[in-house]
Amino acid sequence: MPVFFSFAQVREDLARHMAGIRPDAVWKTLGGNSLGFQLKHIAGSVDRLTTYLMGDQLSAQQLAFLPNELQPPGTVEELVAAIDQSLAKSEEQLRRLNPASLYDSRSVGRQALPTSVLGLLIHLCEHTQRHLGQAITFAKMLR
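Keep in mind that what you see is a predicted model, and the values were worked out from it rather than measured.

A separate point is the overall build of the chain. Per the secondary structure count, the chain includes five helices and two strands. When the helices and strands of the chain are placed in sequence order, the string is α-α-α-α-β-β-α. For 143 residues, the compact-globule estimate of 2.2 N^0.38 gives 15 Å, and the chain sits close to it at 15 Å. Here the chain holds 143 residues, and 45% of them are scored as buried. Within the chain, contacts between residues separated by at least 24 positions form 75% of all contacts whose residues are at least 6 apart in sequence. Total accessible area on the chain stands at roughly 7900 Å², and carbon and sulfur atoms take up 57% of it. Side-chain charges of the chain comprise 14 positive and 13 negative groups, with the mean position of each set lying 5 Å from the other.

Spelled out as structure tokens, the structure:
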């Protein structure tokens, strides 16, 4: 349940902090980064981490999405909708997760870094919240 609560907080905070962002500000670079990147990265990383969590490897489509996170297009509304879709897809997959598998091994990335289902559940929450915080900071700076 903590993952679902974390995702609910993401949705609430995005609705509150992304309202009123000017379209021309979404991809404005501040310190080598942009609000658009943060939002795209949340959607993409939730999808990728959930894939690893479920014991699968990334698809060609997921790998192709990675370098595109830094680039437009996307309005705030479109990017927030993509995050919501990614969170909903993750929630659907997590509902099928067997609680007895929490300590099962998993590997992440091309280097096959070792972890467990539980480790990925924790990382899914903390990574998503971290980038949400960065997105909120960008939104405040852009106002």
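Bringing the pattern of salt bridges into the picture now. Following the criterion strictly, the structure yields six salt bridges and no others. Residue D24 is joined to R22 by a salt bridge in which the shortest nitrogen-to-oxygen separation is 3.1 Å. On the basis of relative accessibility, which here comes to 57%, the residue D24 falls in the exposed class. In this structure, a network of salt bridges that share partners links the residues R11, D84 and E91.

Moving on: the nonpolar core. With 36 residues, the main nonpolar core has M18, L35, L39, L53, I83, L94 and L124 as its most contacted residues. Looking at which element gives the most residues to this core, the answer is helix 5 (residues 117–142), with 11 residues. Residues within four places of M18 in sequence aside, it is in contact with D13, L35, L39, V76, V80, A135, I136, A139 and R143.

A separate point is the layout of surface pockets. Looking at the largest pocket, its volume works out to about 360 Å³. For the largest pocket, the lining is made up of 18 residues, of which A43, G44, D47, Q61 and F65 are closest to its centre. Only helix 2 (35–53), helix 3 (60–65) and helix 4 (76–94) provide two or more residues apiece to the lining of the largest pocket. Across the lining of the largest pocket, the residue classes break down as six nonpolar, seven polar and five charged. Contributing to the lining of the second largest pocket are 14 residues, with R48, Y52, L58, L66 and G109 lying nearest its centre. Those elements giving two or more residues to the lining of the second largest pocket turn out to be helix 2 and helix 5. By residue number, the principal contributor to the lining of the second largest pocket is helix 2, which donates five residues. Here the residues of the lining of the second largest pocket sort into six nonpolar, six polar and two charged.

Before going further, it helps to examine unusual backbone geometry. Of note, the amide linkage connecting P72 to P73 takes the cis form, showing an omega dihedral of 20 degrees. Assignment of secondary structure puts P73 in the loop between helix 3 and helix 4.

What follows covers helix 4. Here helix 4 is 19 residues long and its end C-alpha atoms lie 27 Å apart, about the 27 Å a rise of 1.5 Å per residue gives. Along helix 4, the positions that sit buried rather than exposed are V76, L79, I83, S86, L87, S90, E91, Q93 and L94. Buried residues of helix 4 fall within an arc of 160 degrees about the axis and therefore sit on the same side. Those residues of helix 4 that are exposed and aimed more than 90 degrees away from the buried face are E77 and Q85. Looking at the buried positions of helix 4, the neighbouring elements they touch are helix 1 (2–17), helix 2 and helix 5.

The rules behind each value
Residues numbered from 1 in each chain as written. Predicted model: local features only at pLDDT ≥ 70, side-chain atom pairs only at ≥ 80, totals over all residues. Heavy atoms only, no water. Helix = DSSP H or I, 4+ residues; strand = E, 2+ residues; numbered from the N terminus. Rg over C-alpha atoms; globule rule 2.2 N^0.38 Å. Buried < 20%, exposed > 50% of the residue type's maximum accessible area, 1.4 Å probe, protein only. Contact = heavy atoms within 4.5 Å. Areas by Shrake-Rupley, 256 points an atom, 1.4 Å probe, with all protein chains shown as cover. Lys, Arg positive; Asp, Glu negative; His and termini not counted. Charge placed at Lys NZ, Arg CZ, Asp CG, Glu CD. Salt bridge = Lys/Arg side-chain N within 4 Å of Asp/Glu carboxyl O. Core = buried A, V, L, I, M, F, W, Y, C linked by side-chain atoms within 4.5 Å. 1 Å grid on protein atoms, 1.4 Å probe; cavity = no way out; pocket = protein on both sides within 12 Å on 5 of 7 lines; lining within 4 Å. Points joined across faces, edges and corners; volume = space filled by probe spheres on them. Nonpolar A, V, L, I, M, F, W, Y, C, P; charged D, E, K, R; others polar. Expected span 1.5 Å × (residues − 1). Arc of directions from axis to C-beta.

Spatial relationships are all this shows, so hold off on functional conclusions.
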